[in-house]
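# Structural overview
Now for the letters of each chain:
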Amino acid sequence: MALDQPVAGDQTRIHDIGYRNYDGPRLGRAYATRSLYSQSLRGAYGLGRSVKSKVLPMLLFVVMCVPAAIMVAVAVATKANDLPVDYTRYAIVMQAVISLYVASQAPQSVSRDLRFKTVPLYFSRPIETADYVRAKYAALASAMFVLTAAPLLVLYVGALLAKLDFTDQTKGFAQGLVSVALLSLLFAGLGLVIASVTPRRGFGIAAVIAVLTISYGAVSTLQAIAEEQNSGDSIAWIGLFSPTTLIDGVQSAFLGAASAFPGGVGPTNGEGVVYVLVTLGLIAACYGLLLRRYRKVGL
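Position labels on residues start from 1 in each chain and follow its written sequence. Local features in a predicted model are, by the rule used here, given only for residues with pLDDT of at least 70; side-chain atom pairs are given and counted only at 80 or more, and totals for whole chains, interfaces and linings are based on all residues. Side-chain descriptors were evaluated using all non-hydrogen atoms of the structure, hydrogens and water having been removed beforehand.

## Regarding the overall build of the protein
Short version of the rule: Secondary structure is summarised from DSSP: a helix means a run of H or I of at least four residues, a strand means a run of E of at least two, and numbering begins at the N terminus for each. Each radius of gyration is computed over the set of C-alpha atoms, and the globule rule expresses the reference value as 2.2 Å times the number of residues to the power 0.38.
A count of helices and strands for the protein gives eleven helices and zero strands. Seen in sequence order, the protein has helices and strands lined up from the N terminus as α-α-α-α-α-α-α-α-α-α-α. Compactness check: the protein gives a C-alpha radius of gyration of 25 Å against a globular reference of 19 Å for 299 residues, more than 25% above the reference. Taking the principal axes of the C-alpha coordinates as reference, the protein spans close to 105 × 45 × 35 Å.

## Overview of a negative patch on the surface
Note the cut-off: Each patch is built from salt-bridge-free residues with over 30% relative accessible area, joining like charges within 9 Å and nonpolar side chains (Val, Leu, Ile, Met, Phe, Trp, Tyr) within 5 Å. The Shrake-Rupley method, run with a 1.4 Å probe, gives the accessible areas here. Residue values count only the displayed protein chains as cover. One side-chain nitrogen of Lys or Arg within 4 Å of one carboxyl oxygen of Asp or Glu is enough to make a salt bridge. Just so you know, the count uses Lys and Arg for positive and Asp and Glu for negative, and it drops His and the chain ends. A charge is said to be at NZ when it belongs to Lys, at CZ for Arg, at CG for Asp and at CD for Glu. Burial here depends on accessible area, computed with a 1.4 Å probe over protein chains only, as a share of the maximum for the residue type. Under 20% is buried, over 50% is exposed, and the range in between is partly exposed.
Together, Asp 82, Asp 86, Asp 165 and Asp 168 make up a negatively charged patch on the protein surface. Structurally, Asp 82 is set in the loop between α2 (51-78) and α3 (87-93). With relative accessibility at 44%, the residue Asp 82 sits in the partly exposed group.

## Brief notes about the side chain of Ser 53
The test is simple: Pairs of N or O atoms are called polar contacts if they sit within 3.5 Å, as long as, within protein, a hydrogen donor faces a hydrogen acceptor (for residues adjacent in sequence, only side-chain-to-side-chain pairs).
Within the secondary structure, Ser 53 is located in helix α2. For Ser 53, a relative accessible area of 18% gives the class buried. A distance of 3.2 Å separates the side chain of Ser 53 from the side chain of Arg 49, its partner in a polar contact.

## Quick look at the packing of helix α7 (residues 166-195) against helix α11 (residues 269-297)
As a reminder, the rule being used: Orientation is described by axes fitted as lines to C-alpha atoms, over the contacting stretch for helices, and by angles from 0 to 180 degrees between their N-to-C directions. It is the rotation of the near helix from the far one that decides the hand of a crossing: anticlockwise by less than a right angle makes it left-handed, clockwise makes it right-handed. Working rule for contacts: check all heavy atoms of both residues, and any pair within 4.5 Å makes them a contact. As a working rule, the residues Ala, Val, Leu, Ile, Met, Phe, Trp, Tyr, Cys and Pro are called nonpolar, Asp, Glu, Lys and Arg charged, and the rest polar, with Gly in that last group.
The geometry of α7 relative to α11 is characterised by a closest axis approach of 9 Å and an angle of 35 degrees between their N-to-C directions. In this structure, α7 crosses over α11, and the sense of that crossing is left-handed. Side by side, α7 and α11 meet where Leu 182, Leu 185, Leu 186, Gly 189, Leu 190, Leu 192 and Val 193 of the first sit next to Thr 279, Leu 280, Leu 282, Ile 283, Cys 286, Leu 289 and Leu 290 of the second. For the contact of α7 with α11, the per-class residue count stands at twelve nonpolar, two polar and no charged.

## Observations regarding the packing of aromatic side chains
Using the following cut-off: Think of it this way: a Phe, Tyr or Trp ring, Trp meaning its six-membered ring, pairs with another when their centres are within 6.5 Å, and the plane angle makes it stacked under 30 degrees, edge-to-face over 60, tilted otherwise.
Scanning all chains against the criterion turns up six aromatic pairs. The interplanar angle of 85 degrees and the centroid separation of 6.3 Å between the aromatic rings of Tyr 45 and Phe 61 together place this pair among those described as edge-to-face. With Tyr 45 in the loop between α1 (28-43) and α2 and Phe 61 in helix α2, this pair connects stretches of sequence that are 16 residues apart. Judged by relative accessible area, which is 26%, Phe 61 ranks as partly exposed. Between Tyr 45 and Tyr 101, the ring centres sit 5.6 Å apart and the planes meet at 35 degrees, which makes this aromatic pair tilted. Within this pair, whereas Tyr 45 is found in the loop between α1 and α2, its partner Tyr 101 is found in helix α4 (residues 95-115), the two being separated by 56 residues in sequence. No difference in accessibility class separates Tyr 45 from Tyr 101, as the two residues are buried.

Okay, here's the thing in structure tokens:
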């Protein structure tokens, strides 16, 4: 058989599908980072995803806001002179809901990328490890700030409708926003660090709940025991070992908030400085651990 004679049954064809190189503008690294931030922020509330994915975050958002609306309605109906709960206390009271939100959304943000091994695909583009970490961290912290600041806004608007003192309410509202901003950064960082350890979303949820809720329960119990044993000096130091009590200590020391510690006595100014340093140190440590984690995953 001649070498140039076509083989019977050979169906090989070369088709011109019109492929062309992309000649448009290259939007670059900053645009990719902003896009990842936007996508992650929307995903934290199930936007752009299935209806099933929207149920839990939206339900938790409603649960956070409904008590504030009820308090406002009571204050308006009874013509109260003040709100039932201070702005700085609201997040502490609702810490269980906040912890559940972090536990559900931190693994959603990062565990799926680990499970389906899509992280190296992000890094095949101009985006770098630090960009990925910043986008994910900022997105979850922003989502948490929306969750925790929305009920404060409801309280503030309701207080103004109830004709409470404008100056006092504005000051309290501003203090509350500072408090929940710090809480959002701390909780988001802890949640992402824990969730980034495992690609299994269920394990991530359980681990985040354990760290945030069990630590708060254990610290509160130890503080109560210290109060019963007249060891009041140790109460403030015990509070350093839970994220929720850390925020409580910071805001009671520097934001004029009433402390939820046993006896209602928060840390002194000196102890408050330690609380601030530990809180900022934890936030920085979470960011550093995420960078280290994703430098390995990106390989």
